[in-house]
Amino acid sequence: MSSIFKSASEIANSLTAGDVTAVEVAQEHLDRIAAVDTDVHAFLHVDTAGALAQAAAIDKRRAAGEKLPALAGVPLALKDVMTQEGIPTTCGSKMLEGWRPPYDSTVVAKLKANGVVILGKTNMDEFAMGSSTENSAYGPTHNPWDLTRIPGGSGGGSAAALASFEAPLAIGTDTGGSIRQPAAVTGTVGVKPTYGAVSRYGLVAFSSSLDQAGPCARNVLDTALLHEAIAGYDPKDSTSINAPVGKMVEAAKKLDVKGMKIGIVKELSGDGYQAGVKARFNEAIEALVSAGAEIVEVSAPNFEYALAAYYLIAPSECSSNLARFDSMRYGIRVGDDGVKSAEEVMRMTRELGFGKEVKRRIILGTYALSSGYYDAYYGSAQKVRTLIKQDFDAAFAKADVLVSPTCPTTAFKIGEKANDPLAMYLNDIATIPVNMAGIGGMSLPCGLAEEDGLPVGFQIMSPAMRDELMYQVGGTLEAALLSKWGKPLLSSAPALGAK
Amino acid sequence: MSLNYEQAIEKYEPTLGLEVHVELNTKSKMFCGCATEFGASPNTQTCPVCLGLPGSLPAVNEKAIESSILIGLALNCSIAPFSRFARKNYFYPDMPKNFQTSQYDEPICVNGYLDVTIETDGGPKVYRIEIERVHMEEDTGKSLHVGGATGRIHGAEYSLLDYNRAGIPLVEIVTKMIPGTDKYAPEVAKAYVSELRDILRSLGVSDVKMEQGSLRCDANVSLSPRGSGVLGTRSETKNVNSLRSVERAVRGEMVRQANLLEEGGRVIQETRHFQEDTGLTRSGRSKETAEDYRYFPEPDLVPVAPAADWIESLRATLPEKPSTLRKRIQESWGVPDKEMAAMVNADLLDTVVATVELGADPTKARSWWLGEISRLANESEVTPQSLITPADVAEIISLIAAGELTDKLARQVVEGVIKGEGAPREVIDKRGLKVVSDDSALMAAIEAAIAAQPDTAERIRGGNIPAAGALIGAVMKATGGQADAAKVRELLLKHLGQA
């Protein structure tokens, strides 16, 4: 039986048992990509030779009797915002077309150390700015549930790769919801760990104080396995937390929430949330109550300002982070005819190299940081951030974890919101507060909305450095829903590829 | 120009402001592990971090923090319990990230002072220079603009970029406005930079080589009509790379501004570039419309919060102040003021001290370094210290004291050491410079001299002792200068019955 539809832990078991080789597993996934990715377009680059070589090396070590890490030989899809030595890294931008980084990000180094086989790089909104993957310079990714719909963003490629069974594991990055929102709309699982839990070294920065890489998979246990593989202190990232990694796998396997207090955030439901989203969310709450959890309602009055503050902080940081793309050292160069000045070449390169949304945010951020406006915009936004943290602190005093729908709606149609940035920004209304406070957030599927038959995401938020709580609650909820449904949600997704 | 310096100072009073940039001599760069050695081949001391490659992150060099705190303590500053890095955003090809990581409104050291003494008409006078701040930042790369008349980017055919310097730790020391220096402004400016340089050297935190750019001074000068109390517009003179230039630049700028104001002109707020050949300044970048650097706190770095006990332990390691050291040395060696000043001005105090510490007599050590060695250094336009080591000089002095060398022979030994013929003893052996102290050999030469000049010998016998000079000279000549003149005299007079 093909390993395509197996989970990462099942593949890992088969590899350990010797039922299958890593090369066979990698080849099956590469074949799957070849078969369905023309339709899905989850990948920007498939590293066939590299993946097979990594797999062969794992097989060789296993054959030699070496004890290998849990995920050794399991394939993974890497978001194209992470550097991998010698492998094209575009961040979904024309600007970096052809750039092959000379170094591995810490996440990639850890994946390699764990023997994870990296299949290739996945599509994303340009420089992680967007909620639909439509902002990729290389064309949109399609939602495997309905190819006319968006797979979420910015990490739509990673989520779609999971949902289309092109890879059992993926890496995403989450600045305002870019892991959780794609997970929600594709019926997969995605975790944004506590800020600082996973090194940002080699993650091409969008907004440094909000960016966080995290694990994505098709179930909670696989996500936990990947979480433990990539997390940990890294001296190369000054904002990384110097503390031991929590026991995510153990928490995911607990399947027990008796006596836990689960807080429903009043402000993250109600108006603007699709009926099917609310219905599935409420059913999930009932499942948690049946499993023994206690439900409390909490209020976070300042969440109202989160979106506005986010759209000042993130563009401000991005305006500075993206200044380095000036054609001098890497990436494309436009207008270098020996006559034009360096300044003109920089300007022409940035004009052509950046897409509309990136330019919009650079301009917004440049303005917000300008002398005379700084206090009113960036300064106020930082204050809001403090207030949001205080709201979370107060809420976590009443509840062990907080929950909400991940997104207000299910996946929308490609093109539907492409010309309405504000409508697009509203997708992240429930995910952004987590980034603003630097805490952990998970999205896992909680069913299909009856009105459109599309997946709905359930968000669990845990206090900083208590990421294991998300896994404990998420694992329990997943098991409860699975026993109710009788089969994984993704098995109801339409078949892909040549029939 | 109509007004000379004296006329200018009659009408106007100067206010100074001095900014000194110091390259720290840490082994590695400010935010990465790259080497900092001066003069390496272009772009060989770089990595993803100091090249600002996408995804790379800075990590602070603890040693640079320590050096900055030491500087602050030596300058009587308060050390901030909490300080932050900030990004200074502007585009320039030699700046890899197109922002400089610096400190802005939260510098590491504030509110210090440095006392300098200068000679005035009324004797030595102490000026207290107040220090506003000491902050850390990273250096930029270096641009070499090829072609074009000015060597600047505008009009150049192409530019070469060397990023070896990018990320070298810099400390910027900024004074408050310095009023009241009156006609001594140029001397005060020079004395301040000189004293600061001595302090930095004594702390061992920088090579403080102005000619290599490891210590760079920007001099701000403004004039107010005498007695008006109205502060004039300031200019900022850059590119001042020797102590003498500091004095010349301030003097030149005062005269330029005075003449401009006399002619009814207006001083423009701008940077000016000091020109070593003419002693004048050339107009640079206008600062009339303040550039907006869009400073904001560096999100990739955590705040610097040095522990109070660490600061105190650093304070305990502060070396003796250079001014105290000078006073102590002058008293213990009994050096006249003028000679002390000569030694300090020639930048030879430390070298002479080192020579004395190796056993040389202070007066002899001073006379060798300020005399013969300085003369040779002047001839080849290098520093005396670059020619010979204190150890070699100390050895030569001890050989003279032991009677193994005459002053004349010693000069030849110095020359040999400088020419790379080896250590003093090797030079003596190779060149055969042994003092002829064998009495019988000397007697033979003396008898030969008497035989050649019988009349002179007769006059000496008759009590005309000064006439001995002619015979001694003949003996010295005959022995190729290798005889000890005093010994020759003694033997000669004894032989002629005069001793």
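Rules and cut-offs
Residues numbered from 1 in each chain as written. Chains lettered and ligands numbered in written order. Predicted model: local features only at pLDDT ≥ 70, side-chain atom pairs only at ≥ 80, totals over all residues. Helix = DSSP H or I, 4+ residues; strand = E, 2+ residues; numbered from the N terminus. Rg over C-alpha atoms; globule rule 2.2 N^0.38 Å. Buried ≥ 20, exposed ≤ 12 C-beta atoms within 10 Å, placed from the backbone. Contact = placed C-beta atoms within 7 Å. Pairing = 2+ DSSP bridges. Domains from an automatic or database assignment. Nonpolar A, V, L, I, M, F, W, Y, C, P; charged D, E, K, R; others polar. Expected span 1.5 Å × (residues − 1). Axes fitted to C-alpha atoms, helices over the stretch in contact; angles between N-to-C directions.

Caption draft 1: Representation of the overall build of chain B in the model. Secondary structure assignment for chain B yields 16 helices and 14 strands. Expected size for 499 residues packed as a compact globule is a radius of gyration near 23 Å; at 29 Å, chain B overshoots this value by more than 25%. Along the three orthogonal principal directions, the C-alpha set of chain B runs to about 90 × 55 × 55 Å. For chain B, the residues scored as buried account for 39% of the 499 residues in total. In chain B, the proportion of contacts linking residues at least 24 apart, taken out of those at least 6 apart, comes to 67%.

Caption draft 2: Geometry of the overall build of chain A. Broken down by element type, chain A carries 16 helices and eleven strands. In summary, chain A has a C-alpha radius of gyration of 21 Å against a globular reference of 23 Å for 499 residues, a match within 12%. In chain A, which comprises 499 residues, the share counted as buried stands at 62%. Intrachain contacts of chain A at a sequence separation of at least 6 include 76% that bridge at least 24 residues.

Caption draft 3: Spatial organisation of the sheet that holds strand β3 (residues 86–89) of chain B. Residues and elements named next belong to chain B. Ordered by their spatial adjacency, three strands build an open sheet running β4-β3-β14, and the pairing between neighbours is antiparallel. The open sheet has two edge strands with one neighbour each: β4 (99–102) and β14 (296–297). Where β3 meets β4, four bridges bridge the pair, whose relative direction is antiparallel. Bridging across to β4, alanine 86 finds its partner in serine 102.

Caption draft 4: Broad picture of unusual backbone geometry. Following Gly153(A), the chain continues to Ser154(A) via a peptide bond in cis, the omega torsion being 5°. Summarising the element assignment, Ser154(A) is placed in the loop between β3 (117–122) and α5 (156–163). Here the phi dihedral of Ala128(A) falls at roughly 70°; this positive angle occurs in a residue that is not glycine. Position of Ala128(A) relative to the elements: it lies in the loop between β3 and α5. Judged by local crowding, Ala128(A) falls into the buried class, with 30 C-beta atoms found within 10 Å. Backbone geometry places Arg294(B), a non-glycine residue, at a positive phi of 45°.

Caption draft 5: Layout of the domain arrangement of chain B. Residues and elements named next belong to chain B. Parsing chain B into structural domains produces domain 1 (5–312), domain 2 (322–431) and domain 3 (439–495). Domain 2 and domain 3 are separated by 32 Å when their C-alpha centres are compared. Listed per partner, the contact involves four residues of domain 2 and four residues of domain 3. Of the residues contributing to the side of domain 2 that touches domain 3, the split by class is one nonpolar, two polar and one charged.

Caption draft 6: Spotlight on the environment of Lys389(A). Residue and element names in this part refer to chain A. With respect to the element layout, lysine 389 can be found in helix α13 (residues 375–396). On the neighbour-count criterion, lysine 389 (17 C-beta atoms within 10 Å) is partly exposed. As for lysine 389 and leucine 52, which are separated by 337 residues in sequence, their C-alpha atoms are 45 Å apart.

Caption draft 7: A look at the interface of chain B and chain A. Between chain B and chain A, the residue contacts involve 27 residues of the former and 34 residues of the latter. Along the lines of polarity and charge, the residues of the side of chain B that touches chain A split into 17 nonpolar, five polar and five charged.

Caption draft 8: Broad picture of helix α7 (residues 220–230) of chain A. Residue and element names in this part refer to chain A. With eleven of eleven residues buried, α7 lies mostly within the body of the structure. Looking only at α7, the buried set comprises Val220, Leu221, Asp222, Thr223, Ala224, Leu225, Leu226, His227, Glu228, Ala229 and Ile230. Backbone geometry just downstream of α7 places glycine 232 in the positive-phi region, at approximately 130°.

Caption draft 9: Representation of the pairing of strand β1 (residues 12–23) of chain B. Residues and elements named next belong to chain B. Note that β1 and strand β10 (residues 215–225) share eleven bridges and pair antiparallel. Along β10, the bridge assignment pairs glycine 17 with asparagine 220. The sheet contact formed by β1 and strand β9 (residues 169–175) spans five bridges and is antiparallel. Considered in β9, the bridge of glutamate 19 is made with valine 174.

Caption draft 10: Inspection of the environment of Ile268(B) at higher detail. All names here are of chain B. Tracing the sequence through the fold places isoleucine 268 in the loop between α4 (243–262) and β12 (270–274). For isoleucine 268, a count of 13 C-beta atoms within 10 Å gives the class partly exposed. Remark: the alpha-carbon pair of isoleucine 268 and proline 81, spanning 187 residues in sequence, is separated by 38 Å.

Caption draft 11: Highlighting helix α12 (residues 356–369) of chain A. For α12(A), built from 14 residues, the straight-helix expectation of 20 Å at 1.5 Å per residue is met to within 8% by its first-to-last C-alpha distance of 20 Å. Of the surrounding elements, those touching the buried residues of α12(A) are α10 (306–321) and α13 of chain A together with β14 of chain B.

Caption draft 12: Expanded view of the sheet that holds strand β7 (residues 261–265) of chain A. Residues and elements named next belong to chain A. The eleven strands are arranged β1-β3-β2-β4-β6-β5-β10-β11-β9-β7-β8 in an open sheet whose pairing can be described as mixed. The open sheet has two edge strands with one neighbour each: β1 (43–46) and β8 (294–298). Neighbour-to-neighbour, the strand axes of the sheet open up by a mean angle of 30°, direction not taken into account. Both strand β4 (residues 169–173) and strand β6 (residues 213–217) contribute to a ladder of five bridges, which runs antiparallel. Bridging across to β6, isoleucine 171 finds its partner in proline 215. Across the face of the sheet, α7 comes into contact with β4, β5 (189–192), β6 and β10 (440–448) while running at roughly 150° to β6.

Caption draft 13: Main features of the environment of Leu496(A). Residue and element names in this part refer to chain A. Positionally, leucine 496 belongs in the segment after α16 (468–485). Along the sequence, leucine 496 and alanine 308 sit 188 residues apart, while their C-alpha atoms lie 39 Å from each other. In this structure leucine 496 touches Val36, Asp39, Val40, Pro144 and Ser164, once residues within four positions along its chain are discounted.

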